[in-house]
Amino acid sequence: MLAGVTMLSSSAPAVSAIARPASLKVYYGDMAFWRAEVVRLALFMGDVPFEDVRDQKRADLMAAGKLTFGAVPVLEADGKILSQTSAMAVYAAKLAGIHPEDAWDAAKVDECISGCTDVTVTVGKTFGMKDDEKASARAALIAPDGRLTLHLGGLEKICAENGGCSYAVGSTMTVADISIWRLVGWLSSGIIDGIPVDYVASTFPHLAALVAAVDAHPKVGEWKPKPKPNPKPKPKPNPNPNPDPNPTQVGEWKALHSKFYAPK
Ligand SMILES: N[C@@H](CCC(=O)N[C@@H](CS)C(=O)NCC(=O)O)C(=O)O
């Protein structure tokens, strides 16, 4: 049994380890957004060695042909690129030995990751709006009949149907839990104007319990303060002060991502 699996005190069967690539890299910015963090943390939980590349510019990755769909994160295994969060999360989970063997459970994990994507897209649509428009759009999202409440309610329902055991699928931690944990961390951090820090915790008790369970996992505690392997170099003076094609939107994402693991 893999060392990482032993620590999970699993009662549900996880897949046996698959062949590990000799070289594994995860490309994303120096941010703990759920899309990247689910891949990184799954690998870390299974003690799968990987290079955590955080200092490559999107334009350089694109020029190098690594961004299959023009988006990050991407994963590189022995020179081959894999993109799309759910595909990477499942692959990482299989390498780590934490993906459910059972076909239904594996599908439920996929369902949760797609639910996290729905939440991200829903909130992302408000980025780049003008302040007054943004405030009313976000108020509508978090209303009892709002779209964000609907999407998070789906994740809540899945957790409830799993018996309220603090995990979304089965009785051990999966990449569904890691995704939801980081997603909720983002939504509850207070850095998204108009989404109160207690919105998720006070509306979705099963999601709150999941976050507490993941937070309490020893490997997660080990991961959070882990020094980053590619510390950001000191910024050089920028000859082109506004290189982003959509500076408001991109800037807002960056600001929102930068404080993920800020002390509570
Ligand atoms: N479908 C992709 C979406 C990834 C995505 O939206 N990534 C963002 C950063 S978190 C991005 O690169 N957006 C820029 C773009 O899509 O052009 C996935 O599931 O990984």
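As a reminder, the structure under discussion sits directly above these lines.
Residues numbered from 1 in each chain as written. Predicted model: local features only at pLDDT ≥ 70, side-chain atom pairs only at ≥ 80, totals over all residues. Heavy atoms only, no water.

## What to know about the site of the ligand
Inference 1: Near the ligand you find Tyr28, Phe33, Arg35, Arg58, Gly70, Ala71, Val72, Gln84 and Thr85, and these make up its full shell.
Inference 2: Threonine 85 places a side-chain nitrogen or oxygen 2.6 Å from an oxygen atom of the ligand.
Inference 3: In isolation the ligand exposes 500 Å². Once the protein is present, 64% of that is buried.
Inference 4: Looking at the shell around the ligand residue by residue, the class counts come to four nonpolar, three polar and two charged. (Near = heavy atom within 4 Å. Polar contact = N/O pair within 3.5 Å; in protein donor to acceptor, adjacent residues only side chain to side chain. Areas by Shrake-Rupley, 256 points an atom, 1.4 Å probe, with all protein chains shown as cover. Nonpolar A, V, L, I, M, F, W, Y, C, P; charged D, E, K, R; others polar.)

## Quick notes on the nonpolar core
Inference 1: Among the nonpolar cores identified, the biggest contains 71 residues, and Leu152, Val175 and Leu187 are the most heavily contacted of them.
Inference 2: Setting aside its immediate chain neighbours within four residues, leucine 187 contacts Val119, Val123, Leu152, Ile192, Ile195, Pro196 and Val200. (Core = buried A, V, L, I, M, F, W, Y, C linked by side-chain atoms within 4.5 Å. Buried < 20%, exposed > 50% of the residue type's maximum accessible area, 1.4 Å probe, protein only. Contact = heavy atoms within 4.5 Å.)

## Details of the side chain of glutamate 76
Inference 1: Relative to the assigned elements, glutamate 76 resides in strand S3 (residues 74-77).
Inference 2: Given a relative accessible area of 10%, glutamate 76 falls into the buried group.
Inference 3: A polar side-chain atom of glutamate 76 sits 2.6 Å from a polar atom in the side chain of tyrosine 27.
Inference 4: A polar atom in the side chain of glutamate 76 sits 3.1 Å from the side chain of lysine 66.
Inference 5: Beyond its immediate stretch of four places on either side in the chain, glutamate 76 contacts Ser23, Leu24, Lys25, Tyr27, Lys66 and Ile81. (Helix = DSSP H or I, 4+ residues; strand = E, 2+ residues; numbered from the N terminus.)

## Thoughts on the packing of aromatic side chains
Inference 1: For the coordinates displayed, the defined rule picks out five aromatic pairs.
Inference 2: Between phenylalanine 127 and tryptophan 186 the ring centres are 6.5 Å apart and the planes differ by 85°, which places this aromatic pair in the edge-to-face class. Of the two residues, phenylalanine 127 sits in the loop between helix H5 (103-124) and helix H6 (131-142) while tryptophan 186 sits in helix H8 (residues 175-187), which places them 59 residues apart along the sequence.
Inference 3: Relative accessible area serves as the criterion here: at 3%, phenylalanine 127 is assigned to the buried category. (Phe/Tyr/Trp six-rings, centres within 6.5 Å; stacked < 30°, edge-to-face > 60°.)

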